[in-house]
Amino acid sequence: MYDRPYKDVRSFYQVAGIHGLPYEPYDRVIGVHEYNSSGWVKDRWGGYCHHGDSIFITWHRPFMLLFESILVNEAKKIALQYNVDEKEKYVEAAKQLRHPYWDWADEKAIEGVPEIFLIPEIEINTPNGRKKVKNPLKSYTLPVDLSHPLEKGHNPWDKPHFIVPTSVPFTPAGYPTIRYPNDKYEDQNDILNASLSVYVSTVFRPGLYQMFHLSEYLPFSTIGTEQSEGTSVPPPPSVFFESAHFASIETTHDAFHLVSGGLGGHLSHATTAAFDPLFFFHHVNVDRLFALWQEVWVSQNIDALGTYTEEMNATIDENTDLTPFRKTKTEIWKSSDIRDIEKLGYTYPQVTMFKGQDPKNLQAYLLKLYKPDPYYGLRFFAKLTIKESKLVGPYSVRVFVNLKNATAQTPITSPHFAGLVAMWHNINHFHAINNICVMETVDITAAMKQLGIRIEIHNYTQEVNNVTDLLNSTTIFDIENNITIVPVLLNGKGISLNEAGVNKVEVISFEHDKVNPNFLEENTGQYYDAKNF
Ligand SMILES: [Cu+2]
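Every value quoted in this text rests on a predicted model; they were computed, and no experiment measured them.

Caption draft 1: Up close: the overall build of the protein chain. A tally of regular secondary structure across the protein chain gives 13 helices and 12 strands. Of the contacts made within the protein chain by residues no fewer than 6 positions apart, 70% connect residues no fewer than 24 positions apart. For the protein chain, the exposed area adds up to about 23,600 Å²; of that, 51% sits on carbon and sulfur atoms.

Caption draft 2: View of the coordination of the copper ion. Protein-derived coordination of the copper ion comes from His253 (NE2), His257 (NE2) and His283 (NE2), at a distance range of 2.0 to 2.1 Å. Linear spacing of the donor residues for the copper ion on their chain is H-x3-H-x25-H. Here histidine 253 is found in helix α6 (residues 249-261), whereas its partner histidine 283 is found in helix α7 (residues 278-297), with 30 residues between them in sequence.

Caption draft 3: Quick look at unusual backbone geometry. Omega for the peptide link from leucine 21 to proline 22 comes to 10°, which places this bond in the cis form. Relative to the elements of secondary structure, proline 22 occurs in the loop between α1 (12-16) and α2 (56-79). At the junction of lysine 159 and proline 160, the peptide bond is cis and its omega measures out at 15° in the coordinates. Relative to the helices and strands, proline 160 resides in the loop between β2 (129-134) and α4 (189-211).

Caption draft 4: The arrangement of the packing of α7 against helix α10 (residues 359-369) in detail. Where α7 contacts α10, the two axes come as close as 7 Å, and the packing angle between them is 135°. As the angle between them shows, α7 and α10 are arranged oblique. Contacts from Arg288, Leu292, Glu295, Val296 and Trp297 of α7 reach α10 at Pro359, Leu362, Gln363, Leu366 and Leu369. Grouping the constituent residues of the contact of α7 with α10 by class yields 7 nonpolar, 1 polar and 2 charged.

Caption draft 5: Quick look at the packing of aromatic side chains. What the rule picks out here adds up to 35 aromatic pairs. Centre to centre, the rings of tyrosine 2 and tyrosine 140 are 4.8 Å apart; their planes meet at 50°, and the pair counts as tilted. Taken together, the residues span a long stretch of sequence, with tyrosine 2 in the segment before α1 and tyrosine 140 in the loop between β2 and α4 at a distance of 138 residues. Of the residues examined, tyrosine 2 reaches a relative accessible area of 29% and is grouped as partly exposed. For the pair phenylalanine 63 and phenylalanine 280, a centre-to-centre distance of 5.7 Å together with 65° between the ring planes defines the contact as edge-to-face.

Caption draft 6: Examining the pattern of salt bridges more closely. By the definition in use, this model includes 18 salt bridges. Arginine 205 is the salt-bridge partner of glutamate 107, the closest N and O atoms lying 3.9 Å from each other. Taken together, the positions of glutamate 107 in the loop between α3 (84-96) and β1 (121-126) and arginine 205 in helix α4 put the pair 98 residues apart, joining distant regions of the chain. Several salt bridges share partner residues, and in doing so they unite Arg4, Asp8, Arg10 and Glu74 into one network.

Caption draft 7: Structural view of the UniProt feature "domain: Tyrosinase copper-binding" (unreviewed entry) in the protein chain. As recorded in UniProt, the sites labelled "domain: Tyrosinase copper-binding" (unreviewed entry) are residues 50-68 and 276-287. Taken end to end, residues 50-68 comprises 68% helix and 0% strand; its first and last C-alpha atoms sit 19 Å apart. For residues 276-287, the end-to-end C-alpha separation is 18 Å, with 83% helix and 0% strand making up the annotated structure.

Caption draft 8: Spatial organisation of the nonpolar core. Residues Val15, Ile18, Phe63, Trp102, Trp104, Phe204 and Phe212 are the most contacted members of the largest nonpolar core, which totals 96 residues. Leaving out residues up to four positions away in the same chain, tryptophan 104 has contacts with Ala109, Val200, Phe204, Leu208, Thr252, Phe256, His282, Asn285, Val286 and Leu289. In this structure, Ala418, Val421, Ile444 and Ala500 belong to the second largest nonpolar core, which totals 27 residues.

Caption draft 9: Structural detail: the sheet that holds strand β8 (residues 417-423). Judged by pairing direction, the sheet is antiparallel, and its 3 strands sit side by side in the order β8-β7-β10 without closing on themselves. This sheet does not close on itself; its edge strands, each paired only once, are β8 and β10 (483-489). Strand-to-strand twist of the sheet, defined as the mean angle between neighbouring strand axes without regard to direction, takes the value 20°. By the bridge criterion, 7 bridges tie strand β7 (residues 395-401) to β10 in an arrangement that is antiparallel. Looking at β10, one finds that arginine 398 is bridged to valine 486. Contacts from α6 reach β7 and β8 within the one sheet, and its direction differs from that of β8 by about 95°.

Caption draft 10: Looking closely at the pairing of strand β9 (residues 436-443). A large share of β9 lies buried, amounting to 8 of its 8 residues. The alternating pattern of β9 places Ile436, Val438, Glu440 and Val442 on one face and Cys437, Met439, Thr441 and Asp443 on the opposite face, and all of these are buried.

Caption draft 11: Spotlight on the side chain of arginine 61. Mapping arginine 61 onto the fold places it in helix α2. Contacts of arginine 61, omitting those with residues within four sequence positions, involve Asp287, Phe290, Ala291, Gln294, Ile338, Arg339, Ile341, Leu344 and Tyr346.

Caption draft 12: A look at α4. Along α4, the largest kink reaches about 50° and is centred on valine 200. α4 sits mainly inside the fold: 17 of its 23 residues count as buried.

Analysis parameters
- Residues numbered from 1 in each chain as written.
- Predicted model: local features only at pLDDT ≥ 70, side-chain atom pairs only at ≥ 80, totals over all residues.
- Heavy atoms only, no water.
- Helix = DSSP H or I, 4+ residues; strand = E, 2+ residues; numbered from the N terminus.
- Contact = heavy atoms within 4.5 Å.
- Areas by Shrake-Rupley, 256 points an atom, 1.4 Å probe, with all protein chains shown as cover.
- Donors = N, O, S within 2.8 Å, 3.2 Å for Na, K, Ca; no water.
- Axes fitted to C-alpha atoms, helices over the stretch in contact; angles between N-to-C directions.
- Parallel < 35°, antiparallel > 145°, perpendicular 65-115°, else oblique.
- Nonpolar A, V, L, I, M, F, W, Y, C, P; charged D, E, K, R; others polar.
- Phe/Tyr/Trp six-rings, centres within 6.5 Å; stacked < 30°, edge-to-face > 60°.
- Buried < 20%, exposed > 50% of the residue type's maximum accessible area, 1.4 Å probe, protein only.
- Salt bridge = Lys/Arg side-chain N within 4 Å of Asp/Glu carboxyl O.
- UniProt positions renumbered as here; feature names shortened; annotations may be inferred.
- Core = buried A, V, L, I, M, F, W, Y, C linked by side-chain atoms within 4.5 Å.
- Pairing = 2+ DSSP bridges.
- Bend = angle between axes of the 7 residues up to and from the residue.

Below is the structure:
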């Protein structure tokens, strides 16, 4: 795929270029929903990919399928080139080949990115014997310029005066994709692994743990939003309101993008992410998480995707074309076509393992697999409301517990660091003009435990305020003193809450170990305190 001419639709360049840059048609699909009639052409997102809407997760499925089918076809061709005594083995292997996933929430991920993505060279058995080759999983070298040259000093060819860019990196032809570049345009894998290790326990595992409890498609699939108070404009039709208090697959996915690319890295920006080969291992994993979630919650319910249309109008629903992915010469895949992965010709190990069993068994397995820390039971969350149009991402909003003077310089390895919200996806224009806020949560339980903060279930009857007869809401939490919110740009620079659009923080708790819990049921939660900014 790397070696094909870059204009060939089977080339890595063309397939990776579907997601964001270079904003050119793939396979001549120019899309029926091009944003050209509403007067905001200038701001429009030029890639095909969907983020921040209900088909984020379904759009990426045919994307992975396309990549995988091209990859497998290449493998089949290469297999035939081996000499007679090896050929059969390789032909069989090519038939079995599917694009692998990397589970970045597995406990092993705490040790960092697997070496196969980091080493510069690998030794493989080619049809012409054993050879050392440039490792195709470490980076992809651009055949043509990607994006446009930045200010002087910010372009890789400016080294040794290269300054890592804060915006979308410019990659000249002949330069590789990169993660956490230093001032010589070299990968900094030590920073990548150190940051990843923190994210695994603070963001990824708690995120997936929450996500596998969600029984409804919309809160599971995308970022929760609400409209700012005092806005008179009616809500845009494509926006889903009143979402979960919890992590969705998309928010957890966003955090992976931030942490894997770092400042100036391709994975950090939706416009360039798919050019890093690690992107596909990440997104096949996201697809796997989707498939597992479907097994837990949807397998018995053939109308499940109906929830797409319940909350949405005709703008985006299960019949929206997932451009540019062709199902046939004349038809484009739709979300309603890609529900059943087995019909699409693939599966995942844990899906097969639990086939035919009560979905609760699979859920229990997944909850055990991603249990963020040893403490089941009552879990505490900081829920943040962030105005989406304030600042173009990527940036993160960090949450610290009991560290009032925490700043952007406070290391995320601090025991006070609870987790973060990744503001990754591009500003959705509908959201911008309608003052849409995203609601995201950070699980602060592990940090509280580590700091010795009492988290056992309180005997609330003891804590009713004698005067008001109400529960004493500050029994555990006094947000002013206990919770510090620190927004940080990719370059490590701190910004104010106002600049980052942070409007509000609330602290809530839920019990996770109730039988068949559904976090969306209001009455399962305990509300402690809120602070507006
Ligand atoms: Cu992604």
